[in-house]
Amino acid sequence: MKKALVVGINNYPSSPLQGCINDASGLASIIETHGDGSPNFDVRLETDVKTKSELKTMIVDLFSGNSDTVLLYFSGHGFINELGGYLVTPDHQAYDEGISMDEVLILANQSKSKDKIIILDCCHSGSFGSPTIGRGASQLDEGVSILTASRDDEPSMEINGHGVFTNLLLDALQGGAADLRGHISPGGVYAYIDQALGAWEQRPVFKTNVTRFTSLRTINPQVPLDTLRKIIEYFPVPQQEFSLDPSYEDTNSKIVEHNVIEPHAKDENVAIFKILQKLQSVGLVVPVDAEYMYFAAMESKACKLTSLGYHYWRLVKDKRI
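Residues numbered from 1 in each chain as written. Predicted model: local features only at pLDDT ≥ 70, side-chain atom pairs only at ≥ 80, totals over all residues. Heavy atoms only, no water.

1. Some remarks on the sheet that holds strand β12 (residues 205–209)
Here is step 1: Spatially, β2-β1-β3-β7-β8-β12 is the arrangement adopted by the 6 strands of the open sheet, whose pairing is mixed. Of all strands in the sheet, those with a lone pairing partner are β2 (42–47) and β12, marking the two edges. The mean inter-strand angle of the sheet, taken between neighbouring strand axes irrespective of direction, is 10°.
Here is step 2: Lying over the sheet, helix α4 (residues 164–176) contacts β3 (69–75), β7 (115–121) and β8 (144–148), oriented at roughly 135° with respect to β7. (Pairing = 2+ DSSP bridges. Helix = DSSP H or I, 4+ residues; strand = E, 2+ residues; numbered from the N terminus. Axes fitted to C-alpha atoms, helices over the stretch in contact; angles between N-to-C directions. Contact = heavy atoms within 4.5 Å.)

2. Some remarks on unusual backbone geometry
Of all residues except glycine, most have a negative phi; of all peptide bonds, most are trans.
Here is step 1: In this chain, Glu262 is followed by Pro263 through a cis amide linkage whose omega measures -5°.
Here is step 2: Inspection of the secondary structure assignment puts Pro263 in the loop between β14 (242–243) and α8 (267–281).
Here is step 3: Positive phi outside glycine occurs at Asp48, with the angle close to 50°.
Here is step 4: The topology assignment puts Asp48 in the loop between β2 and α2 (52–63).
Here is step 5: Note on Asp48: relative accessible area 23%, which makes it partly exposed.
Here is step 6: Notably, Tyr95 is not glycine yet its phi reads approximately 60°, a positive angle.
Here is step 7: Mapped onto the secondary structure, Tyr95 falls in the loop between β5 (84–93) and β6 (96–100).
Here is step 8: Residue classification places Tyr95 among the exposed residues on the basis of a relative accessible area of 53%. (Buried < 20%, exposed > 50% of the residue type's maximum accessible area, 1.4 Å probe, protein only.)

3. Considering the packing of aromatic side chains
Here is step 1: Per the counting criterion, the structure on display carries 8 aromatic pairs.
Here is step 2: Centre to centre, the rings of Tyr248 and Phe273 are 6.4 Å apart; their planes meet at 65°, and the pair counts as edge-to-face. Within this pair, whereas Tyr248 is found in the loop between β14 and α8, its partner Phe273 is found in helix α8, the two being separated by 25 residues in sequence.
Here is step 3: Residue classification places Tyr248 among the buried positions, given a relative accessible area of 10%.
Here is step 4: Sitting over the ring of Phe41, Lys2 keeps its end group 4.5 Å from the ring centre.
Here is step 5: The aromatic ring of Phe213 is capped on one face by Arg181, whose charged end is 5.6 Å from the ring centroid. (Phe/Tyr/Trp six-rings, centres within 6.5 Å; stacked < 30°, edge-to-face > 60°. Lys NZ or Arg CZ within 6 Å of the ring centre and 35° of its normal.)

4. So, the packing of α2 against helix α3 (residues 101–110)
Relative orientation and spacing of two packed helices are given, respectively, by the angle between their axes and the distance between those axes.
Here is step 1: With their axes 9 Å apart at the nearest point, α2 and α3 run at an angle of 20° to one another. Here α2 lies roughly parallel to α3, going by the angle between them. The way α2 lies across α3 gives a crossing that is right-handed. Judged by residue contacts, Lys56, Ile59, Val60 and Phe63 of α2 engage Glu103, Val104, Leu107 and Ala108 from α3.
Here is step 2: Tallied by class, the residues present in the contact of α2 with α3 amount to 6 nonpolar, no polar and 2 charged. (Parallel < 35°, antiparallel > 145°, perpendicular 65-115°, else oblique. Left-handed = near helix turned anticlockwise from the far one by under 90°. Nonpolar A, V, L, I, M, F, W, Y, C, P; charged D, E, K, R; others polar.)

Structure (structure tokens):
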């Protein structure tokens, strides 16, 4: 069971925002299903929450129970003072700005849910996970992951009605951060956003304490899994090269009006070669002593696994794919 509380607040009395509700609505619509349309998170979308009491009640409810995965997303104002960081609510006042980030972390640490994921798009959000209270205690208990839009001393920017960070987050969840199996993990999302933001822009922060893989969402894999599993069939030993010859190239046929060489294309070899070319296109296979797979076949050379190819070979061999 997976549940998510997605909060976006635009309506602050003295300093309204423009993109937080857009961002929260966009995230909610993406994470409620996987790429194939099957159910993912049971999402509770809350916009323009008015009071600290309302928001705290929702957060306490989120972290109660023993779900497999719980996710908290907040887009709105963030604030930091000498007492710590806060998720700001519209009823804020001096030294009572909203929900303390330390309190949210305590709730996440105490939750019986297996995986707790917290994603914040607000100013100074990087202070989350660095509590000012109880510094001697463990800051992140097992199963907690935190992804924030900026460091503790940075603002979180909006452009054209959307948060810069959440815009990248949505792209990542739609497939930009997926691995070859189609899984999108918090770490993969962070890597995607980190690479997109330059050194002079706001810097995302990722903190985690996990001992198992967590998937936020899955999409259709770049390579069908039944195709990927053939990697151990073509490379029984990962260091072994797969020998090629002209019979693997479908254009090396008598029915094609250009010079052909023997052995001519064979249907069964052409089918294998198309799979090898697909594996090559995603970085799992490379031709040996040839610039392209076409020349490796036509010149009777070979192809071999890359380091990434060996990684997926091992996953298939160990029956993890």
